[in-house]
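In case you want the letters, here they are:
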Amino acid sequence: GESVGLHLPTLSVQEGDNSIINCAYSNSASDYFIWYKQESGKGPQFIIDIRSNMDKRQGQRVTVLLNKTVKHLSLQIAATQPGDSAVYFCAGTYLSGGYNKLIFGAGTRLAVHP
Amino acid sequence: SQTIHQWPATLVQPVGSPLSLECTVEGTSNPNLYWYRQAAGRGLQLLFYSVGIGQISSEVPQNLSASRPQDRQFILSSKKLLLSDSGFYLCAWSVQGGDTQYFGPGTRLTVL
């Protein structure tokens with residue numbers, strides 16, 4: 001079946017360092033990907049997205065890279081701050097029942113240490 | 001701007017009791033609506049989605065059901081809860097034809 005997975009369940013970084021969270025997907029037909037941030041006890045918050053016709057997109061302190069050849073995307077967070085501590089999910093589209101839906105990875109927990 | 005609400009925020013229910021969780025969206029019309037469940041430490045599992053009033057599609061067979069009585073209202077129900085129904089329930093919306101989904105604050109359900 002379809003799957004979107006993450007390489008590491010947890011990532012620990014020092015405050016001020018750059019963070020890289022990786023994600024692999026299996027459906028070569030996926031044409032849209034999203035990164036979400038979920039803080040404890042809250043709903044996922046949209047961070048950044050990317051279409052398959054792009055290989056890089058930048059936001060404020062975040063960059064998403066997409067490598068369609070190896071079906072891999074990553075989220076880079078520059079100058080990581082304590083407020084970045086959360087679980088990060090990648091999600092990709094898949095076609096089902098005539099509609100595009102999202103399939104989510106299991107998540108990576110980012111822990112930022114002072 | 002658009003906002004999405006869910007209630008209650010937390011709920012503790014005995015096994016075999018009924019369930020009704022509500023989700024409402026403001027600031028948009030004719031949205032796609034979604035119900036997800038998130039088990040502890042896991043990703044999100046799509047339960048139901050709706051593209052319009054009265055139109056519900058189920059992704060996973062279970063003892064839950066969903067209804068959309070109004071354009072911006074989405075309800076998740078059960079007649080008899082099971083222990084395995086415990087989890088974090090999330091409602092999300094997207095524009096018609098859009099892929100980006102925006103999530104509500106969630107409801108933490110504990111079935112004892």
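The text that follows walks through the structure, step by step, so that each part is easy to find.

Reading the values: the criteria
Every chain is numbered independently, its residues counted from 1 as its sequence is written. Chains carry letters and ligands carry numbers; both start at the beginning, A for chains and 1 for ligands, and go up in the order they are written. A pLDDT threshold of at least 70 governs which residues receive local features in this predicted model, and a stricter bar of 80 or more applies before side-chain atom pairs are shown or counted, although totals over entire chains, interfaces and linings include all residues. Hydrogens and waters are ignored; side-chain quantities use all the structure's heavy atoms. Counting from the N terminus, the helices are the DSSP runs of H or I reaching at least four residues and the strands are the DSSP runs of E reaching at least two. Note that the radius of gyration is over C-alpha atoms, with the globule rule given as 2.2 Å times the number of residues to the power 0.38. Only protein chains enter the accessibility calculation, which uses a 1.4 Å probe. A residue is then buried if its area is under 20% of the maximum for its type, exposed if over 50%, and partly exposed in between. Cysteine sulfurs are considered disulfide-paired once they come within 2.5 Å of each other. We count a salt bridge whenever a side-chain nitrogen from Lys or Arg sits within 4 Å of a carboxyl oxygen from Asp or Glu. For Phe, Tyr and Trp, where Trp contributes only its six-membered ring, two rings pair if their centres lie within 6.5 Å, and the inter-plane angle classes them as stacked under 30 degrees, edge-to-face over 60, or tilted in between. Pairing between strands requires that DSSP locate at least two bridges from one strand to the other. Interaxial angles span 0 to 180 degrees and are taken between N-to-C directions of axes, which are lines fitted to C-alpha atoms, for helices over the stretch in contact. Nonpolar cores are built from buried Ala, Val, Leu, Ile, Met, Phe, Trp, Tyr and Cys residues. Side-chain atoms within 4.5 Å join them into one set.

On to the overall build of chain B, then. Secondary structure assignment for chain B yields 0 helices and 11 strands. Starting at the N terminus, the α and β elements of chain B follow one another as β-β-β-β-β-β-β-β-β-β-β. Computed over its C-alpha atoms, the radius of gyration of chain B comes to 13 Å, within 12% of the 13 Å expected for a compact globule of 112 residues. The dimensions of chain B, computed from C-alpha atoms along their principal axes, are 40 × 25 × 20 Å. Out of the 112 residues in chain B, the part that is buried amounts to 49%.

Below, the discussion takes up the state of the cysteines. All names here are of chain A. For the coordinates displayed, the defined rule picks out 2 disulfides over all chains. The disulfide partner of Cys 23 is Cys 90, and the S-S distance across this bridge is 1.8 Å. Across the S-S bond of Cys 23 and Cys 90 the torsion is about 50°, and the bridge reads as right-handed. Residue Cys 23 is located in strand E3 (residues 19-25), and its partner Cys 90 is located in strand E9 (residues 86-96); the two are separated by 67 residues in the primary sequence.

Right, let's get into the pattern of salt bridges. Residue and element names in this part refer to chain A. Across all of its chains, the model carries 7 salt bridges over all chains by this definition. For the salt bridge of Lys 42 with Glu 39, the shortest nitrogen-to-oxygen distance reads 3.9 Å. A relative accessible area of 47% means that Lys 42 is categorised as partly exposed.

Within this structure, the stated rule accounts for 11 aromatic pairs over all chains. Taking 5.4 Å as the distance between ring centres and 50° as the angle between the ring planes, the aromatic pair formed by Tyr 36 of chain B and Phe 103 of chain B counts as tilted. One end of the pair, Tyr 36 of chain B, is in strand E4 (residues 32-38); the other, Phe 103 of chain B, is in strand E10 (residues 102-103), and 67 residues separate them in sequence. Exposure remark for Phe 103 of chain B: the relative accessible area of 10% places this residue in the buried category. Put simply, the rings of Tyr 36 and Phe 104 of chain A together with Tyr 34, Tyr 36 and Phe 103 of chain B touch in pairs and so form one group of aromatic residues.

Residues and elements named next belong to chain B. Sheet architecture is open: 4 strands sit in the order E1-E3-E8-E7, paired in antiparallel fashion. In this open sheet, the two edge strands, each paired with only one partner strand, are strand E1 (3-7) and strand E7 (64-70). Strand-to-strand twist across the sheet, computed as the mean angle between neighbouring axes with direction ignored, equals 20°. Judged from the 5 bridges that link them, E1 and strand E3 (residues 19-26) form a sheet pairing that is antiparallel. Pairing of His 5 across the sheet is with Thr 24, part of E3.

The next subject is the nonpolar core. Within the largest apolar cluster, 20 residues are counted, with the highest numbers of intra-cluster contacts made by Trp 35, Leu 73, Leu 75, Tyr 88 and Leu 110 of chain A. Contributions of two or more residues to this core are made by strand E2 (10-14), E3, strand E4 (32-38), strand E5 (45-51), strand E7 (62-67), strand E8 (72-77), E9 and strand E11 (108-113) of chain A.

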